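Residue-level structural notes
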Amino acid sequence: MIGYKNRIKLVRQHDLMDCGPASLSMVTYFYGNKFPLHYLRELCQIGKDGVSMSGIIHAAKKIGMETYSTRLNLDLLVKKFTKPCILYWNKNHFLVLESISNKGGNVNFHIADPAHGKVVLSEKDFKEPWLKGGQSGVALFLSPTHDFFLKKNNSNVKNHFKTIVNFLKPYKKKILVLSFLILLGSAFSVTLPFLTEALIDYGVTPKNLNYISLILLAQLFVFIGIMTINILRNWFTLIIGTKLSVDIVYSYLDKVLKLPLSFFDTKNSGDFNQRIQDNIKVERFLTSDSILTVFSALLLLVYSGILFHYGTSLFLTYIGLTLVSVYWSYYWLKKREVIDYKIFLARSENQEAIYEFYNGIREMKLNQYESYKKNQWVELQNNLLQANIKSLKIEQFQSIGFTFFNQLKNILVTFLAANYVVKDIMTLGALLSVSYIIGQMNSPVHQLLSFFRSQQDAFLSFNRLSEVYTQENEEKESDKKLDPEKTPVDIKIQNVNFKYNVLSHKYILQDIDLTIPRGKITAIVGHSGSGKTTLMKLLLKFFPPLSGKIFYGLDEINGLSSQSIRENSGIVMQDGYIFNDTIERNIALKDKIVDKEKLEKALGAVNLLGFVNSLALKEHTKIGSGGNDLSGGQKQRILIARAIYKNPKYIFLDEATSALDATNEKEVHNNLQKLFKDKTVVIIAHRLSTVQNADQIIVLSEGKMVEQGTHTELIDKKEFYYTLVKDQLNI
């Protein structure tokens, strides 16, 4: 059996919603069988609203852990605590309570926060965010079963560091030139202290002006050489870095576009922005940070050797006090963690308050809530100010100590060297050389310290990017393609059940069994939330059914290429997107050369031709990001025109005319009827007047199919559909 680890290994959350899986990953590592974050995320059933405690419990049970979640007060938590547990923190976050210590009667709580890191909190600082004003907080206790130790990490997690490093291969020659320039620059830099020594000992002391001139000329050439090398080095670094950044980001975007649409349902735009920044951090780490560090390490090594050459005591004094200054910084860095955590929490609350202030301003003004919210915001600022003051105090202690030890180091080394000069052990030139060296060594030390921080950020970025690269592509080589030349086939839905979250008790679709005949119009109606849009998404392979099957002809949808289904489909979704481009480009999309005849036909069908021709640039008019320059009805008609332009075999329309006025809707509807001929059409509509000519109407209620038939047949039955029509027309 795998033994328990002594401590929790911190697992950073990759996205805003990863705190639950990251906390669970830390606990599994403690028990000796660490699972990767993206694998646990899938088990936790994260949605756009984040992860729930029930999701964490579900994931924990899946990997063989027993769980016990409870609400308890602080005294009981301290009494019951034996092993790491997961806490519900601040009512919007999960983290791990690693241990509880008691020193001198003061209880301290050691927590591992996936968003911030490891910190030690006093009882007062711990109580506030955990209890959040109540008498009890929520904790999840976990323990491994025998099955937990038998579980294997069956996810395809790989170290993608090598993959990203492979991007450097095309730049081998440039990197070799860059390495040579770094070595040459280091060699030039090393000559300067010796030239300084020679200037004093063989030029100034014996008053030899010719020698002084020669040394100063040599120094001038060395400085010119160093400047030239730095210019070339920066030039090569810029070229390699820029091209590498383009390669890495392009590779990432290419991978993202190959992922299934379901992947994006648990992601915010901020998460993708973060990953773009991750790519940039990776590029910076591989190029400028690493190159500067190599350069600094070489200088530090060479200068240390020269210092050792001048005197062992000089070298040991310098290294000893450098280690003391580094330890001092590290000591106060640990002290700052608690303060930084308070600032982190205060800023989170502040951002939340500002967001609420902006989004709720109408309700605030209508209900005279302004004063209360302003006072609440002022209180948050005072809390943040107090935390910042404490942070500043610690930062000053850290900075003063570090500077003091550095200066003390410089003074002591200079004193020892001066002492050697007085005792005729060392020349005056050597003393100035030593002074120059210790001045030059400070910068490489700072660079090496910052490199380790950069390395931590880069590897966190590697992990975030790896999560994307380890996802399976939506398209598989084995997927069969729909043949666009063939006549559209029937779509058959057999006993399909579906829900977005397997932990939910409510099905979005339940026992759906129907046939969508080829070349006919099928309308799907029902109240909001009845599952209409979800059913369309299943037909377009956004998600696989939870159970049951969908067939295009004889081919099951799971074995069909999703791209080929969409290539043969004209699709208008409720939330269709208008790109920041021209009207024609928004309709033609992927066509490099726009077919003017098809474009005019599509614009005519949606009653937009007159509007477009009235514009100064006609179809070449830019319509702004998201279609900001258009009305809601015009946006919808652009989207419909986009579907018509493709001349597809299948047409899927989800509330495609909901924003149109009655006149335009009737005209567009009549035009579409002609275009629907011999095409398989699926229409979702709330306005039942637009579907009464459909060949069949499917009525959904709470995810179930309750009626099926033509408009006349369903009216005659006087059941669910009849009630919908009666309520809508106010009969």
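Here, the structure is the one placed above.
What you see is a predicted model, and the numbers here were worked out from it, not measured in a lab.

1. Here we look at the layout of surface pockets
If you add up the space inside the second largest pocket, you get close to 2000 Å³. Taken together, 41 residues line the second largest pocket, and the ones lying closest to its centre are L261, F542, R566, I571 and F579. Looking at the lining of the second largest pocket, the elements that each hand over two or more residues are α9 (209-257), α15 (532-539), α16 (562-567), β12 (569-572), α17 (583-588) and α20 (632-645). Split into classes, the residues belonging to the lining of the second largest pocket amount to 18 nonpolar, eight polar and 15 charged.

2. With respect to the pairing of strand β15 (residues 696-701)
Every other side chain in a regular strand lies on the same face of the sheet, so the side chains alternate between the two faces. Of all six residues in β15, six are buried, a share of seventy percent or more. Burial along β15 is two-sided: Q696, I698 and L700 and I697, V699 and S701, pointing in opposite directions, are all buried. Here five bridges tie strand β9 (residues 521-526) to β15, and the two strands are oriented parallel to one another. When the sheet's bridge partners are listed, A523 is paired in β15 with I697. One ladder, built from five bridges, connects β15 with strand β16 (residues 704-709); its direction is antiparallel. Note that in β16 the partner of S701 across the bridge is K704. Here β15 hands over to β16 after two residues, with E702 in that stretch at a positive phi of 50 degrees.

3. Structural notes on the packing of aromatic side chains
What the rule picks out here adds up to 19 aromatic pairs. Taking the centre distance of 5.1 Å and the plane angle of 85 degrees together, the rings of F30 and Y31 count as edge-to-face. Taken individually, F30 and Y31 each receive the classification buried, so the pair is uniform in this respect. Ring centres of F498 and Y500 lie 5.0 Å apart, and the angle between their planes is 85 degrees; this geometry places the pair in the edge-to-face category. Given a relative accessible area of 5%, F498 falls into the buried group. On the accessibility criterion, Y500 (38% relative accessible area) is partly exposed. Members of the aromatic cluster, connected to one another through ring pairs, are F35, Y39, F148 and F149. Sitting over the ring of Y507, K499 keeps its end group 4.5 Å from the ring centre. Above the ring of Y645, the side-chain terminus of K598 is found at 4.5 Å from the ring centroid.

4. Section: the sheet that holds β15
With respect to topology, six strands assemble into an open sheet ordered β12-β13-β14-β9-β15-β16, the strand pairing being mixed. The open sheet is flanked by β12 and β16, the only strands paired with a single partner. Strand-to-strand twist of the sheet, defined as the mean angle between neighbouring strand axes without regard to direction, takes the value 15 degrees. Against the sheet, α15 touches β9, β13 (650-654), β14 (680-684) and β15, its axis set at about 155 degrees to β13.

5. Quick look at empty space enclosed by the protein
Applying the stated rule across the entire model yields three cavities of 30 Å³ or more. Taken as a whole, the largest cavity spans an internal volume of roughly 160 Å³. Taken together, 15 residues line the largest cavity, and the ones lying closest to its centre are A656, T657, I683, A685 and T690. Mapped by element, the contributors of at least two residues to the lining of the largest cavity are α21 (662-675) and β14. Considering every element that reaches the lining of the largest cavity, the biggest residue donor is α21, with three residues. Of the residues contributing to the lining of the largest cavity, the split by class is seven nonpolar, five polar and three charged. Of the voids in this model, the second largest cavity is the one considered here, and its volume is about 40 Å³. Along its surface, the second largest cavity is lined by I640, A643, I644, I651, L653, L672, L675 and F676. Those elements that place two or more of their residues in the lining of the second largest cavity are α20, β13 and α21. Per-element accounting of the lining of the second largest cavity gives the leading share, three residues, to α20. Considered class by class, the residues forming the lining of the second largest cavity number eight nonpolar, no polar and no charged.

6. Here we look at the sheet that holds strand β6 (residues 137-144)
Across the sheet, which stays open at both edges, the six strands sit in the order β1-β6-β2-β3-β4-β5 with antiparallel pairing between neighbours. In the strand order of this sheet, the two ends are held by β1 (65-72) and β5 (117-122), each with one partner. Taking the axes of each pair of neighbouring strands and ignoring which way they run, one obtains an average angle of 30 degrees across the sheet. Strand direction decides the pairing type here: strand β2 (residues 85-89) and strand β3 (residues 93-103), joined by five bridges, are antiparallel. Bridging across to β3, W89 finds its partner in H93. Its contacts with the sheet place helix α3 (residues 53-62) against β1, β2, β3 and β6, and it is angled at close to 155 degrees to β1. Against the sheet, helix α5 (residues 123-131) makes contact with β1, β2, β3, β4 (106-113), β5 and β6, and its axis sits at roughly 110 degrees relative to β5, the strand it touches most.

Reading the values: the criteria
- Residues numbered from 1 in each chain as written.
- Predicted model: local features only at pLDDT ≥ 70, side-chain atom pairs only at ≥ 80, totals over all residues.
- Heavy atoms only, no water.
- 1 Å grid on protein atoms, 1.4 Å probe; cavity = no way out; pocket = protein on both sides within 12 Å on 5 of 7 lines; lining within 4 Å.
- Points joined across faces, edges and corners; volume = space filled by probe spheres on them.
- Helix = DSSP H or I, 4+ residues; strand = E, 2+ residues; numbered from the N terminus.
- Nonpolar A, V, L, I, M, F, W, Y, C, P; charged D, E, K, R; others polar.
- Buried < 20%, exposed > 50% of the residue type's maximum accessible area, 1.4 Å probe, protein only.
- Pairing = 2+ DSSP bridges.
- Phe/Tyr/Trp six-rings, centres within 6.5 Å; stacked < 30°, edge-to-face > 60°.
- Lys NZ or Arg CZ within 6 Å of the ring centre and 35° of its normal.
- Axes fitted to C-alpha atoms, helices over the stretch in contact; angles between N-to-C directions.
- Contact = heavy atoms within 4.5 Å.

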